[in-house]
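# Results of the structural survey
One letter stands for each residue in the lines below.
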Amino acid sequence: QVQLAESGGGLVQPGGSLRLSCVASESPFTSRLPVMGWYRQAPGKQRELVATRHRNGPTKYADFVKGRFTISSAPNKNTLYLQMNNLKPEDTAVYFCKAKTYADTDYWGPGTQVTVSS
């Protein structure tokens, strides 16, 4: 069982920035927990990939966040980050952290709300 807890969401004006954090119950990007990433779900829409990273591969970003969002990690803190710059109203959504184990089991955090509005 992997526990995940997101934080850092809030209300921000268009063009602003936020940094989301996801604290995991164990270290990310290890042989046990090789993949972690961020997803989002806007009202009335399906959950979609924002960015994901594999311990042995490149980071993958959705086209709509390339150049604006950056995923990073602090393994000594069991934490995954999502730096979001130049936020747009269409970025408004609940942002979720997901971890995939070596057994291909997915775990999700409860999510954190991001609202971009003037």
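Given the structure is predicted, the values throughout are model-derived calculations rather than measurements.

What follows concerns the overall build of the chain. The helix and strand tally for the chain stands at zero helices and eleven strands. Its helices and strands taken in sequence order, the chain reads β-β-β-β-β-β-β-β-β-β-β from the N to the C terminus. Against the compact-globule benchmark of 13 Å for 118 residues, the chain has a radius of gyration of 14 Å, which places it among compact chains. Principal-axis analysis of the C-alpha atoms places the extent of the chain at approximately 45 × 25 × 25 Å. At a minimum sequence separation of 6, the contacts of the chain that also span at least 24 residues come to 53%. Per element, the accessible surface of the chain, about 6,100 Å² overall, is 47% carbon and sulfur. Treating the 14 positive side-chain charges of the chain as one cloud and the 8 negative ones as another, the clouds have centres 4 Å apart.

As paired strands, strand β4 (residues 35-41) and strand β5 (residues 48-54) are joined by six bridges and run antiparallel to one another. The residue of β5 that forms the bridge with Met36 is Arg53. Pairing of β5 with strand β6 (residues 59-61) involves three bridges; the strand directions are antiparallel. Residue Arg53 lies in a different strand from β6, and its bridge partner there is Thr59. Linking β5 back to β6 in an antiparallel pair, the connection comprises four residues.

The rules behind each value
- Residues numbered from 1 in each chain as written.
- Predicted model: local features only at pLDDT ≥ 70, side-chain atom pairs only at ≥ 80, totals over all residues.
- Heavy atoms only, no water.
- Helix = DSSP H or I, 4+ residues; strand = E, 2+ residues; numbered from the N terminus.
- Rg over C-alpha atoms; globule rule 2.2 N^0.38 Å.
- Contact = heavy atoms within 4.5 Å.
- Areas by Shrake-Rupley, 256 points an atom, 1.4 Å probe, with all protein chains shown as cover.
- Lys, Arg positive; Asp, Glu negative; His and termini not counted.
- Charge placed at Lys NZ, Arg CZ, Asp CG, Glu CD.
- Pairing = 2+ DSSP bridges.

Such coordinate-based values are descriptive only and should not be taken to indicate function.
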